[in-house]
Structure formats: C-alpha cells, structure tokens
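The chain contents come next:
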Amino acid sequence: MADHLERCMRTLREARQHALEWSKDPTTKVGALIVDRDWRPVSQGYNGFPKGIEDTEERLNDREVKWKMTVHAEINALIFARQSIKGCRLITWPFLPCDRCIPCFINAGNKSNCSLFLRYETLTVFNN
Ligand SMILES: [Zn+2]
C-alpha cells in the first residue's frame, strides 16, 4: 500500500509539473497523466488551445473565449496516447476530471473500475 501511495504521489507531482511547465493559461493550469497498471507513463496532457491556435494574451485573458477554445488536459492526454489505455489510470492535477472528460476516457477503452482520480489535497491528508 505504501508503494502504491508513493507511486500515486509521484505521478501526481509529475502531472502538476507538466501543467506548470506547459500550460499557457494564466489562471488555471491543469495536467493529466495516463499510466498503465504498473504506473508506467502512457501519455500526458495539459490544458490549452488546439494546435495552430496562437496563445494570444487577448484569448487567454477572455474567460468566455478561453473556455470555449481550450482542450482539456485529459482530452489532450487521450489524443496523444500511442497505445490502448485499457486498464490505465488517469491522474489529474489540480482538479478531478470534469463530466465532459470522464465519458471520453471511458469510451477510449477504460471500462474497469481501476481508474484513479486523485486530488492533491486528498493525497496530502491521506499521507498524514
Ligand atoms: Zn475536462
């Protein structure tokens, strides 16, 4: 169990690092990692505009425009996965996956209940 928790924490830190390093969103940086049953990385994503859409200050600072255009971190992780995600875990930071992303993750092949949705705060409390 301790090893499992340690791997959860490490993956969550990697999702956080990925979000902070890559997301251009000035207020909400989100990271998602997909790992297999042995915690090996399968894919990763961050929230951002679609490929080819420039990250202009005007777009990034207009919440309505930004929300309509942004591809969620979980969806980007799914799109860039180069293998089946069946049986994989989805780790997100700092939010749980939203109700738009969870059905996509399920339809992409994960129908089991071994998906793991964690929040940093939850893990911090659990770790204490
Ligand atoms: Zn989402």
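What you see is a predicted model; the values in this text were computed from it and never measured.

We now examine the overall build of the chain. The secondary structure content of the chain amounts to 6 helices and 3 strands. Residues classed as buried in the chain amount to 30% of the 128 residues present. For the chain, restricting intrachain contacts to residue pairs at least 6 apart in sequence, the fraction spanning at least 24 positions comes to 65%.

What follows covers unusual backbone geometry. The linkage connecting Trp 93 with the following residue, Pro 94, adopts the cis geometry, with an omega of 0 degrees. Relative to the assigned elements, Pro 94 resides in the loop between strand E3 (89–93) and helix H5 (101–107). Although it is not a glycine, Trp 39 sits at a positive phi angle of roughly 70 degrees. Owing to 17 C-beta atoms within 10 Å, Trp 39 belongs among the partly exposed residues under this scheme.

This brings us to the sheet that holds strand E1 (residues 31–35). If you walk across this open sheet you meet the 3 strands as E2-E1-E3, and the pairing is antiparallel. Here the strands that pair on one side only, and so sit at the sheet edges, are strand E2 (41–46) and E3. Neighbouring strand axes in the sheet, compared pairwise and without regard to direction, differ in orientation by 15 degrees on average. As judged from the 5 bridges shared by E1 and E3, these two strands associate in the antiparallel manner. Bridge pairing links Gly 31 to Trp 93 in E3.

Right, let's talk about the nonpolar core for a bit. If you look at the biggest cluster of nonpolar residues, it comprises 22 residues, and the most contacted ones within it are Ala 15, Ala 32, Leu 33, Ile 34 and Ile 91. Those elements that provide at least two residues to this core are helix H1 (2–22), E1, helix H4 (73–79), E3 and H5.

Moving on, we come to the pairing of E2. Pairing of E1 with E2 involves 5 bridges; the strand directions are antiparallel. Looking at E2, one finds that Leu 33 is bridged to Gln 44.

Relative to the elements of secondary structure, Gly 87 occurs in the loop between H4 and E3. A C-alpha to C-alpha distance of 6.8 Å links Gly 87 and Asp 36, two positions 51 residues apart in sequence.

What follows deals with the environment of Leu 12. Examined against the element boundaries, Leu 12 turns out to sit in helix H1. It is 8.0 Å that separates the C-alpha atoms of Leu 12 and Leu 33, two residues lying 21 residues apart in sequence.

Let us now look at the pairing of E1. The buried fraction of E1 is high, at 5 of 5 residues. Between the antiparallel neighbours E1 and E2 lie 5 residues, among them Trp 39 with a positive phi of about 70 degrees.

Here the chain averages 82 in pLDDT, while 84% of its residues score no lower than 70. Overall, residues 111–128 carries pLDDT values under 50, and its contacts beyond four positions in sequence, including any with other chains, amount to 27 contacts.

The subject of this paragraph is the environment of Pro 50. Mapped onto the fold, Pro 50 is located in the loop between E2 and helix H2 (57–60). The class for Pro 50 is exposed, based on 9 C-beta atoms found within 10 Å. Spatially, the C-alpha atom of Pro 50 lies 9.2 Å from that of Asn 76, the residues being 26 residues apart in sequence.

So, how was this worked out
Along each chain, residues carry numbers from 1 onward, in the same order as the chain's sequence is written. A pLDDT threshold of at least 70 governs which residues receive local features in this predicted model, and a stricter bar of 80 or more applies before side-chain atom pairs are shown or counted, although totals over entire chains, interfaces and linings include all residues. Secondary structure follows DSSP: runs of H or I at least 4 residues long count as helices, runs of E at least 2 residues long count as strands, and numbering of each begins at the N terminus. Counting other C-beta atoms within 10 Å of a residue's C-beta gives its exposure: the residue is buried at 20 or more, exposed at 12 or fewer, and partly exposed in between, where C-beta atoms are placed from the backbone. Contact between two residues is assigned when their C-beta atoms, built from the backbone, lie within 7 Å. One bridge is not enough; two strands pair if DSSP finds at least two bridges between them. Note on geometry: axes are C-alpha line fits, over the in-contact stretch for helices, and angles between N-to-C directions span 0 to 180 degrees. In plain words, the nonpolar core is the set of buried Ala, Val, Leu, Ile, Met, Phe, Trp, Tyr and Cys residues that C-beta atoms within 7 Å link up. You can read pLDDT as the predictor saying how much it trusts each residue, on a scale of 0 to 100.

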